[in-house]
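Coordinate analysis (summary)
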Amino acid sequence: AVAAEPQAIPGLPRDFRWGVATSSYQIEGAVAEDGRSPSIWDTFCRVPGAVVNGENGDVACDHYHRYTEDVDLIAGLGVDAYRFSLAWPRIQPGGSGPVNARGIAFYDRLVDTLLDRGITPWVTLYHWDLPQELEDAGGWPARDTALRFADYADLAHDALGDRVVHWTTLNEPWCSAMLGYDQGLHAPGRKDFGAAMHAVHHLLLGHGLAARRLRAKGGVDLDLGITLNMGHAVPASDSEADLAATRRADGLAARVYLDPLVRGHYPEDVVEHLASRGVTLPVQDGDLAAISTPLDVLGVNYYSSHRFAGTAEDGSTTDADGQPVVRAVPFGRPVTAMDWEIVPEGLTALLVRLHEEYGLPLVVTENGAAFDDVAEADGTVHDADRTAYFAEHLRAVGAAREAGADVRGYFAWSLFDNFEWAYGYDKRFGIVRVDYDTQRRTVKDSGAWYRDTVRLTRGR
Ligand code: PNW
């Protein structure tokens, strides 16, 4: 691919918020320093076969020791915001009890360094590094984890809320619940659909209780949100079966989160679907009122979209368990190194749909792509494929705004190549290359393109 020349993105206003994103376990390293306790990812990485090449986040990008240099790098990209997550096991080792002063001190310094350089901190409280002790006590399928999360959120906000305005409770509860407890692909590696659906409710409850606690604190500015990963689900044809399959897929991927958060109830069709599989959500009186605590913003992480069919390849409409077939059918588009199809117009459609059906201000909190980068000896990477991905998706965001969606910002995933969960260091999402032997950072062509695009779009 030929790298696109940077140009102002049509449809994006001068005051659009531009950022880059990371998460704690994916970049920090220093897993045993300053009183941090193990998280479920430290444990999961030791399970043979769980992570490609048996890799782990012990060192990662060594950001814990290099954050000053890294903030300079962010400032050099000319973005106005940095989205990062707090490691619960640093701030509250073991997941309960008082704040760990040495753990919170790291984030104190990071926040101050960002503010010094004029970069707005955009904090996520939970990006998957649950303290192992809480998993041992039942993890997210257990109700108590939601109560623990609210306490942790309160402590974190007490420490940083005088300087941090933008708070996201959870990153991608779908991944925590379904990849972690149903598919077994992420920590803690369980395969139990019922447990995963209990996790869904307790993640949402944890969000809601935390949201209430932060809202109850007066005297500070608060921009409160949650981040969901979603695609735009479309039927493979307009047959009755394909429409039903698409609705079912969207129910478990999107509406089971969006409806309780925004409307205060679970979608009826999803509740019926769960009942047909012997699963009841563990809802208690008052839970939905907490979960629907008003949000200021909805974070959207977008990578790809899917088409769905209600028939198997042999034409049958029910599976071995008697459940209706829901089969993902590829669009036939080029894919990234993750094998995820590149579907930029799905981002426009998703943002417009979220605006029309749920009405919240939106921020794209992650969007980006892994490709098989080839680095030169000096670390430069001519990643025209990644630049093209960003260009197409930013245009898609501009198109959504022009169609009326209230999209206020965009964060590129990711600032760095980093620990890509079950794929280890094999998959690179960075706009900055990291050489894991030397920890040298080099801005890729896509990073330079992003910097210039931000500047041109702002200055237009
Ligand atoms: C997101 N899926 O994860 C996460 O927020 C990031 O930490 C991660 O590095 C990034 O996307 C790239 O993977 C996802 O299977 C993981 O659909 C898996 C899926 C979606 C998002």
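Residues numbered from 1 in each chain as written. Predicted model: local features only at pLDDT ≥ 70, side-chain atom pairs only at ≥ 80, totals over all residues. Heavy atoms only, no water.

1. Quick look at helix α7 (residues 143-160)
If you check α7, its first and last C-alpha atoms are 27 Å apart, about what 18 residues at 1.5 Å a residue would give, namely 26 Å. Those residues of α7 not exposed but buried are Thr145, Ala146, Phe149, Ala150, Tyr152, Ala153, Asp154, Ala156, His157 and Leu160. On the buried face of α7, the contacting elements are α4 (88-91), α5 (101-116), β3 (120-126), α6 (132-136), β4 (166-171) and α9 (193-216). (Helix = DSSP H or I, 4+ residues; strand = E, 2+ residues; numbered from the N terminus. Expected span 1.5 Å × (residues − 1). Buried < 20%, exposed > 50% of the residue type's maximum accessible area, 1.4 Å probe, protein only. Contact = heavy atoms within 4.5 Å.)

2. Considerations on the UniProt feature "binding site: substrate" (unreviewed entry) in the protein chain
The sites that UniProt annotates as "binding site: substrate" (unreviewed entry) are Gln26, His127, Asn171, Tyr303, Trp413, Glu420 and Trp421. Along the chain, the position of His127 falls in the loop between β3 and α6. On the accessibility criterion, His127 (2% relative accessible area) is buried. Every residue in contact with His127, bar those within four places of it in the chain, is listed here: Ser23, Gln26, Arg83, Ser85, Asn171, Glu366, Trp413 and Trp421. In this structure, Glu420 is in contact with Gln26, Met338, Trp413, Lys427 and Phe429, ignoring residues within four places of it in sequence. (UniProt positions renumbered as here; feature names shortened; annotations may be inferred.)

3. Looking at helix α13 (residues 344-358)
Look at α13: 21 Å from first C-alpha to last across 15 residues, which is about the 21 Å you get at 1.5 Å a residue. Those residues of α13 lying buried are Pro344, Gly346, Leu347, Thr348, Leu350, Leu351, Val352, Arg353, Leu354 and Tyr358. Note on α13: the residue one or two positions beyond its end, Gly359, has a positive phi of about 70°.

4. Section: the pairing of strand β10 (residues 362-366)
Successive residues of a regular strand alternate their side chains across the two faces of the sheet. Within β10, five of the five residues are buried, which leaves the element mostly enclosed by the surrounding structure. Relative to β10, strand β7 (residues 297-301) runs parallel, the two being bridged by four bridges. Across the sheet, Leu298 pairs through a bridge with Leu362, a residue of β10. Relative to strand β11 (residues 407-413), β10 runs parallel, the two sharing three bridges. Residue pairing across strands places Leu362 opposite Val407, the latter belonging to β11. Note on the crossover from β10 through helix α14 (residues 384-402) to β11: the handedness is right-handed. (Pairing = 2+ DSSP bridges. Right-handed = clockwise from strand over helix to strand, strands pointing away.)

5. Brief notes about the UniProt feature "active site" (unreviewed entry) in the protein chain
Under the UniProt annotation, "active site" (unreviewed entry) lies at Glu172 and Glu366. With the annotated positions falling across 195 residues, the maximum pairwise C-alpha distance of 10.5 Å places them together in a single cluster. Tracing the backbone shows Glu172 in the loop between β4 and α8 (173-182). The buried category is assigned to Glu172, whose relative accessible area is 5%. Excluding residues that lie within four positions of it along the chain, Glu172 makes contacts with Trp128, Thr227, Asn229, Asn301, Tyr303 and Glu366. Inspection of the secondary structure assignment puts Glu366 in strand β10. The residues touching Glu366, leaving out its near neighbours within four places in the chain, are Arg83, His127, Asn171, Glu172, Val300, Asn301, Tyr302, Tyr303, Phe411 and Trp413.

6. Digging into the pattern of salt bridges
In this structure the tally under the stated criterion is 38 salt bridges. The salt bridge partner of Asp58 is Arg46, with a shortest N-O separation of 2.8 Å. Of the two residues, Asp58 sits in the loop between α2 (40-44) and α3 (63-76) while Arg46 sits in the loop between α2 and α3, which places them twelve residues apart along the sequence. Judged by its relative accessible area of 47%, Arg46 falls in the partly exposed class. Its salt-bridge partner being Asp269, residue Arg255 comes within 2.8 Å of it at the nearest N-O pair. Taken as a pair, Arg255 in helix α10 (residues 240-263) and Asp269 in helix α11 (residues 268-276) lie far apart in primary sequence, 14 residues in all. Salt bridges sharing common partners tie together Asp144, Arg148, Asp151, Asp154, Asp158, Arg213 and Lys217. (Salt bridge = Lys/Arg side-chain N within 4 Å of Asp/Glu carboxyl O.)

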